Amino acid sequence: MSDNKQAAPAVSNEWPLWEVFVRSKAGLDHKHCGSLHAADAKMAIQLARDVYTRRQEGTSIWVVPSNQIIASDPGEKGMYFDPMEDKVYRHPTFYQLPASLDHM
Amino acid sequence: MPQQSIRVGDSAQVRYLLRLADSCLILSQRLGEWCGHGPILEEDLALTNMALDLVGQARGLLTRAGQLDGKGHDEDQLAFLREERHYYNPVLMELPRGDFAFTQVRNFAVATWLELLWQRLQSSIDAEVAAIAAKAVKEARYQQQHAADWVVRLGDGTAQSKARMEAALSTLWPFFNELFADDAVDAAAVQSGLGPAWSELQSEWQQAMDAVLDEAGLAQPKPSAYVSAGRQGVHSEHMGHMLAEMQYLQRAYPGGVW
């Protein structure tokens, strides 16, 4: 693990912000569970352990510098997502299957 | 009527377990004082997590010590109803929490020592103690790493953090001696297979200290000949105040639970 990863730039005197992803058990995916401040990657992993896995929530942790997450623009939500509203034929349930294949 | 104090017998094996149990209990209480006062929320949680690990270890050992003592005292009675002279933790554990540098230097030294001790206690002839050690060794390993990182970070940090680390080291250094001072209690534990003599841990502990302090750019203070005597029940002036706070509820409301 590199200690030199560049995380989100500090606001005033605060440590950089990190996003925390926790895998609850082997085979499942890592889920975003929150964020925290830490001086570097190693500290972020340790503090993620202390903040987010206190009740046996985890078997594996990822941390990502928050400023490395590229997010879609909330202002463009309409343009991005509304056009899918009327395209029900994209769901497999839209189609009538032959009786022999039904209940797949 | 206030709750009467209890006493434990003079058995070497009970004494051996209480020295370790009280070390965990008393340091846990000191770490708990950081609750709500940590430098950042995340580290506040880290410190109180450690306090809870330590209190868990103390509970197991106190319960076992109570069984071996044979007077029917449970973990709570042993934790809260003894008098100051009947606590057997090294004085190191009861020193006031100090600043963050002091806390991390002590945590580092103690976690390093505990990890070595738990490793050996995993093969204790006492199955209960071995089981407690098997669980605790993982907790100590994490605490050791977490504190070691802070020692390096602060020692190799700013002029102010370095100065605070140096001050903490020089205050704490003489109190480390007691972690490795042997007596008849240790000899009996070795004899019976209950656990190692604490002096056995010294060279490995010193190596770990050397490595981390070196990486932190911190010089070790000169060795001191002073050996505190908490393990014999002779404590510093801080212990009584601490116990007054710890014991208040059980003394005022005997047997109180929540």
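Above this text sits the structure in question.
Structure report, in brief. (Residues numbered from 1 in each chain as written. Chains lettered and ligands numbered in written order. Predicted model: local features only at pLDDT ≥ 70, side-chain atom pairs only at ≥ 80, totals over all residues. Heavy atoms only, no water.)

A few points about the pairing of strand E1 (residues 17-23) of chain A
All names here are of chain A. Defined as follows: Remark: exposure states derive from per-residue accessible area (1.4 Å probe, protein chains only) relative to the maximum for the residue type, with buried under 20%, exposed over 50%, and partly exposed in between. Helix and strand assignments come from DSSP, with helices taken as H or I runs of at least 4 residues and strands as E runs of at least 2, each series counted from the N terminus. In this scheme, strands are said to pair when DSSP sees at least two bridges between them.
Of all seven residues in E1, five are buried; the element is thus mostly enclosed. Direction of pairing for E1 relative to strand E2 (residues 31-37): antiparallel, over a ladder of six bridges. Paired with Glu19 across the strands is Ser35, a residue of E2. For E1 and strand E3 (residues 60-65), the ladder comprises six bridges, and the chain directions are antiparallel. Counterpart to Trp18 in the pairing with E3 is Pro65.

Notes on the pattern of salt bridges
The criterion, for reference: For this analysis, a salt bridge means a side-chain nitrogen from Lys or Arg found within 4 Å of a carboxyl oxygen belonging to Asp or Glu.
Under the defined criterion, the tally for this structure stands at 18 salt bridges over all chains. The residue B:Arg153 makes a salt bridge to A:Asp40 at a minimum N-O spacing of 3.1 Å. Taken as a pair, B:Arg153 in helix H6 (residues 127-155) and A:Asp40 in the loop between E2 and helix H1 (41-52) lie in two separate chains rather than in one. Looking at B:Arg153, the relative accessible area reads 25%, which means it is partly exposed. Between B:Glu115 and B:Arg141 there is a salt bridge, and its shortest N-O distance comes to 3.2 Å. In this pair, B:Glu115 sits in helix H5 (residues 100-121) while B:Arg141 sits in helix H6, placing the two residues 26 residues apart along the sequence. Residue class for B:Arg141 comes out partly exposed when judged on its relative accessible area of 42%.

Focus: the sheet that holds E3(A)
All names here are of chain A. Short version of the rule: The axes are straight lines fitted to the C-alpha atoms, using for helices just the contacting stretch, and the angles between their N-to-C directions are given from 0 to 180°. The contact rule is simple, with two residues in contact once any of their heavy atoms fall within 4.5 Å.
Strand order across the open sheet formed by three strands is E2-E1-E3, with antiparallel pairing between neighbours. Of all strands in the sheet, those with a lone pairing partner are E2 and E3, marking the two edges. For this sheet, the mean angle separating the axes of adjacent strands, direction not counted, is 30 degrees. Its contacts with the sheet put H1 on E1, E2 and E3, and the angle it makes with E2 is roughly 115 degrees.

Points about unusual backbone geometry
All names here are of chain A. One non-glycine residue, Gln56, lies in the positive phi region at around 60 degrees. The residue Gln56 is located in the loop between H1 and E3 in this model. A relative accessible area of 75% means that Gln56 is categorised as exposed.

Remarks on the interface of chain B and chain A
Note the following rule: Buried area: the accessible surface (1.4 Å probe) lost by two parts on joining, summed over both. Counting of polar contacts relies on pairs of N or O atoms within 3.5 Å, with two restrictions inside protein: one atom must be capable of donating a hydrogen and the other of accepting it, and residues adjacent in sequence are counted only when both atoms are side-chain atoms. In the scheme used here, Gly and all other residues not listed as nonpolar or charged are polar, with Ala, Val, Leu, Ile, Met, Phe, Trp, Tyr, Cys and Pro taken as nonpolar and Asp, Glu, Lys and Arg as charged.
Every contact between the two is made by twelve residues of chain B and, on the other side, 13 residues of chain A. Counting the surface lost from both chain B and chain A, the interface buries some 1300 Å², and carbon and sulfur atoms represent 53% of this. Here chain B is connected to chain A by two salt bridges. There are nine residue pairs in polar contact (both at pLDDT 80 or more) connecting chain B and chain A. Among the elements that make up the side of chain B that touches chain A, the one with the highest residue count is H6(B) (six residues). In terms of residue class, the side of chain B that touches chain A is built from five nonpolar, three polar and four charged.

Observations regarding the nonpolar core
In plain terms, the rule: To define a nonpolar core, start from buried Ala, Val, Leu, Ile, Met, Phe, Trp, Tyr and Cys residues and group those joined through side-chain atoms within 4.5 Å.
Residues A:Leu36, B:Tyr16, B:Leu20, B:Trp113, B:Leu114, B:Trp118 and B:Phe176 are the most contacted members of the largest nonpolar core, which totals 96 residues. Residue contributions to this core peak at 13 residues, all from H5(B). Discounting chain neighbours no more than four positions away, the residues touching A:Leu36 are A:Pro16, A:Leu17, A:Trp18, A:Val20, A:Ala44, A:Leu47, A:Ala48, A:Tyr52 and B:Glu42.

Examining the side chain of B:Asp126
All names here are of chain B. Structurally, Asp126 can be placed in the loop between H5 and H6. Looking at Asp126, its side chain comes within polar contact range of the side chain of Arg64, at 2.8 Å. Residues within four places of Asp126 in sequence aside, it is in contact with Arg64, Leu68 and Leu194.

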